[in-house]
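Secondary and tertiary structure notes
This is what each chain is made of:
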Amino acid sequence: MAKHTQAHITRTIEANKPDVFKTRTKEQMHYYMGAKLIEIGVEPKSAIYRWSMEPKGNSEIWTYSAYWGDSKDKLLREEGNG
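Residues numbered from 1 in each chain as written. Predicted model: local features only at pLDDT ≥ 70, side-chain atom pairs only at ≥ 80, totals over all residues. Heavy atoms only, no water.

Looking now at the confidence of the model for the protein chain. Residue-level pLDDT values for the protein chain average 93, and 96% of them are 70 or greater. Of all secondary-structure elements in the protein chain, the lowest mean pLDDT belongs to helix α2 (residues 69-81), at 92, while strand β3 (residues 59-67) reaches the highest, 97. (pLDDT = per-residue confidence, 0-100. Helix = DSSP H or I, 4+ residues; strand = E, 2+ residues; numbered from the N terminus.)

See the structure below:
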């Protein structure tokens, strides 16, 4: 079985929430991602992270992604050529 080299956490947030709520949510997602990586045996400092946000009606879908190993190398190559 192939080893995973990326992880994603997604949350749906009401677009009209105050910035303080959104900041707290981002901090929580960052914390949970670090815990998730430790749980699967990946050093959080060895990964790279990316945020994405997709508007959907009155909400925003936030995704926090971590990449390591082959996925990290591939993403850095793609970003370097972009």
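On we go from here.
A word on the packing of aromatic side chains. Evaluation of the coordinates by the stated rule reveals 4 aromatic pairs. When the centroid spacing of 5.7 Å and the interplanar angle of 70° are considered together, the rings of Tyr 31 and Tyr 32 count as edge-to-face. Here Tyr 32 falls in the partly exposed class, since its relative accessible area comes to 44%. Geometrically, the ring pair formed by Trp 51 and Trp 62 is edge-to-face, given 6.4 Å between the ring centres and 85° between the ring planes. Placement of Trp 51 in strand β2 (residues 48-56) and of Trp 62 in strand β3 is noted, with a sequence separation of 11 residues between them. In this structure Trp 62 comes out as buried when scored by relative accessible area, which is 4%. One aromatic cluster in this structure is built from Tyr 49, Trp 51, Trp 62 and Tyr 64. Between the NZ or CZ atom of Lys 17 and the centre of the ring of Phe 21, over which it lies, the distance is 5.0 Å. Above the plane of the ring of Trp 51 lies Lys 26, whose end atom (NZ or CZ) is 5.4 Å from the centre. (Phe/Tyr/Trp six-rings, centres within 6.5 Å; stacked < 30°, edge-to-face > 60°. Buried < 20%, exposed > 50% of the residue type's maximum accessible area, 1.4 Å probe, protein only. Lys NZ or Arg CZ within 6 Å of the ring centre and 35° of its normal.)

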